[in-house]
Amino acid sequence: EQAAQGGRGKEWTSFVFDYKGSGQSDRSEIMANVRTMDDIRREQAAQGGVRPTPNPWAGGAPPAGTAAPAQGNFTPAGGYTPIPDQYSMGGVGAGDVYIDACGETIPVSSLSPWQLPMAMCCPCCIGDPCSENRRNWYVSQMKTFIGVMSILQIFIFIIEVHLSGWTGLLDVPSDVLFVMGGKVASNIAAGEYWRLITPIMLHAGLFHLLINVFTQCMFGIQLEREWGASQIAVIYAVAGIYGNVLSVLFAPNALSIGCSGSVFGLFGAQVAYIVGMWRQLGDLQKKMLLLSLGLSFLFIFAFSFGVGVDMSAHLGGFLAGLVLGLGFFANKWDPNNWWALYGPYIAYSITGVTILGACVFFWHNPDLGYQE
């Protein structure tokens, strides 16, 4: 309540001054209307102690008949944050802080020092990974757009391995990836533009698949709860295409596959979302978001500079996600800012025109290996 009124400042001082300047009867009347923390604790004790408010989003979906809010998500302790983050914290009293660890509400005070970092990268490993709540949570994740894409990518990878004679589990042969639709600049220049899309569903080996699926599920599903499946689908697809466009331009001789460009697009979109929401965030939320984004970028860029990794696809995906996000979330900006009015038109135009322009440039381009 104090925070909503601007903190303890003028109102608190005014109350103390009025109290000291009042007579005994006035002081009794004032104190009769004051609800102290001791009063709150006694009320909570009479109700069975302090307990977190049931999380309406437990299991990864809103309760039946409840529409998702325009932004933000509820924390396990009944709080509310405008940032989609499964590590969101909130409490109902001093020391009562909880985290939502994959469908289970866990008090921070119960975590050991080594479990705290685990809560930031793999919260499902804290507690029983196969509890009923978590089983329900896993099912809810598979019903999302990102969950469906992950299942399809796993299924397609099984087909890749089968076509390789079951010898390509760790390293799928290039000829199989070519047949399945990998990005090949000369074929795209010949008119096979579908090769800008199909690489999103392909992976070069088991570890490549696991890293991409793990990252997009950990990161993308949280954003999908916040933004909706339609926006996530557009960002995911366009960022993947844009990544392959830049790969054709800067790595025309490489056979490229993978959904890394799409995953980078989600990161770019979240950066745009944070830019739009920045003025509405508290100091703690800003610090947590910057820390989370910093760790995520370190993790992903560590893999971006590995041998055989197409960095141009990663960069293209990130740029597309950033531009699309600036358009999608222009409504988060100050209404008086010109970007809130014209940002969506500018962002969508830049994305569409550059992709179409690239396709025209690719057509029968000898520099890309096209031969009559």
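Only a predicted model underlies this, so the values are computations on that prediction, with no experimental measurement involved. (Residues numbered from 1 in each chain as written. Predicted model: local features only at pLDDT ≥ 70, side-chain atom pairs only at ≥ 80, totals over all residues. Heavy atoms only, no water.)

A. Spatial organisation of the pattern of salt bridges. Counted by the stated rule, this structure contains 1 salt bridge. Between Arg195 and Glu192 there is a salt bridge, with its nearest N and O atoms 2.6 Å apart. (Salt bridge = Lys/Arg side-chain N within 4 Å of Asp/Glu carboxyl O.)

B. A look at the nonpolar core. Counting residues in hydrophobic clusters, the biggest one holds 56 residues, and the most contacted among them are Trp227 and Leu266. With 10 residues, the top contributor of residues to this core is helix 10 (residues 229-250). Leave out the neighbours within four places in its chain, and Leu266 touches Ile146, Phe219, Gly220, Leu223, Ile232, Ile235 and Tyr236. (Core = buried A, V, L, I, M, F, W, Y, C linked by side-chain atoms within 4.5 Å. Buried < 20%, exposed > 50% of the residue type's maximum accessible area, 1.4 Å probe, protein only. Helix = DSSP H or I, 4+ residues; strand = E, 2+ residues; numbered from the N terminus. Contact = heavy atoms within 4.5 Å.)

C. Up close: the packing of aromatic side chains. If you walk through the whole model with that rule in mind, you get 12 aromatic pairs. Seen from their ring centres, Phe264 and Phe267 are 6.5 Å apart, and the 50° between their planes marks the pair as tilted. Taken together, the residues Phe264 and Phe267, both in helix 11 (residues 260-277) and 3 residues apart, mark about one turn of the helix. As far as burial versus exposure is concerned, Phe264 and Phe267 are alike and both buried. Taking the centre distance of 5.0 Å and the plane angle of 80° together, the rings of Tyr273 and Phe329 count as edge-to-face. Note that Tyr273 is positioned in helix 11 and Phe329 in the loop between helix 13 (311-328) and helix 14 (338-362), a separation of 56 residues in sequence. Overall, the relative accessible area of 4% leaves Phe329 in the buried class. Members of the aromatic cluster, each reached through a chain of ring pairs, are Trp227, Tyr273, Phe328, Phe329 and Tyr348. The positively charged end of Arg195 is found above the aromatic ring belonging to Phe178, 4.4 Å away from the centroid. (Phe/Tyr/Trp six-rings, centres within 6.5 Å; stacked < 30°, edge-to-face > 60°. Lys NZ or Arg CZ within 6 Å of the ring centre and 35° of its normal.)

D. Representation of the packing of helix 9 (residues 206-227) against helix 10. Running from N to C, helix 9 and helix 10 cross one another at 135°; their axes reach a closest spacing of 7 Å. The angle between helix 9 and helix 10 falls in the class oblique. Here Gln216, Gly220, Leu223, Glu224 and Trp227 of helix 9 come into contact with helix 10, specifically with Ala229, Gln231, Ile232, Ile235 and Tyr236. Here the contact of helix 9 with helix 10 is built from residues that sort into 6 nonpolar, 3 polar and 1 charged. (Axes fitted to C-alpha atoms, helices over the stretch in contact; angles between N-to-C directions. Parallel < 35°, antiparallel > 145°, perpendicular 65-115°, else oblique. Nonpolar A, V, L, I, M, F, W, Y, C, P; charged D, E, K, R; others polar.)

E. Just the environment of Ile257, in detail. Relative to the helices and strands, Ile257 is located in the loop between helix 10 and helix 11. The contact partners of Ile257, leaving out residues within four places of it in the chain, are Leu177, Gly182, Pro199, Leu202, His203, Ala204 and His208.

F. Structural detail: the confidence of the model for the protein. Of all residues in the protein, 71% attain a pLDDT of 70 or more, and the chain-wide mean is 77. Across residues 8-25 the pLDDT falls below 50, and counting only partners more than four positions away or on other chains, this stretch makes 10 contacts in the model. Predicted confidence is poor over residues 67-96, with pLDDT under 50, and the contacts of this stretch with residues over four places away or in other chains come to 94 contacts. (pLDDT = per-residue confidence, 0-100.)

G. View of the side chain of Ser256. The topology assignment puts Ser256 in the loop between helix 10 and helix 11. There is a polar contact of 3.2 Å between the side chain of Ser256 and the side chain of Ser247. When near neighbours in sequence (up to four residues on either side) are disregarded, Ser256 contacts Gly182, Lys183, Pro199, Ser247 and Asp310. (Polar contact = N/O pair within 3.5 Å; in protein donor to acceptor, adjacent residues only side chain to side chain.)

H. Helix 6 (residues 145-163), seen in detail. Between its terminal C-alpha atoms helix 6 stretches 27 Å, which fits the 27 Å expected from 19 residues at 1.5 Å a residue. Taken residue by residue, helix 6 has Ile146, Gly147, Met149, Ser150, Gln153, Ile156, Phe157, Glu160 and Val161 as its buried positions. Of the surrounding elements, those touching the buried residues of helix 6 are helix 5 (132-142), helix 7 (174-180), helix 9, helix 10 and helix 11. At the exit of helix 6 stands Gly165, carrying a positive phi of roughly 80°. (Expected span 1.5 Å × (residues − 1).)

I. Local environment of the packing of helix 9 against helix 11. Running from N to C, helix 9 and helix 11 point in directions that differ by 35°, and their axes come no closer than 10 Å. Along this stretch, helix 9 crosses helix 11, giving a crossing that reads as left-handed. Between helix 9 and helix 11, the residues in contact are His208, Asn212, Thr215, Gln216, Phe219, Gly220, Leu223, Glu226 and Trp227 and Ser260, Val263, Leu266, Phe267, Ala269, Gln270 and Tyr273, respectively. Residues of the contact of helix 9 with helix 11, tallied by class, amount to 8 nonpolar, 7 polar and 1 charged. (Left-handed = near helix turned anticlockwise from the far one by under 90°.)

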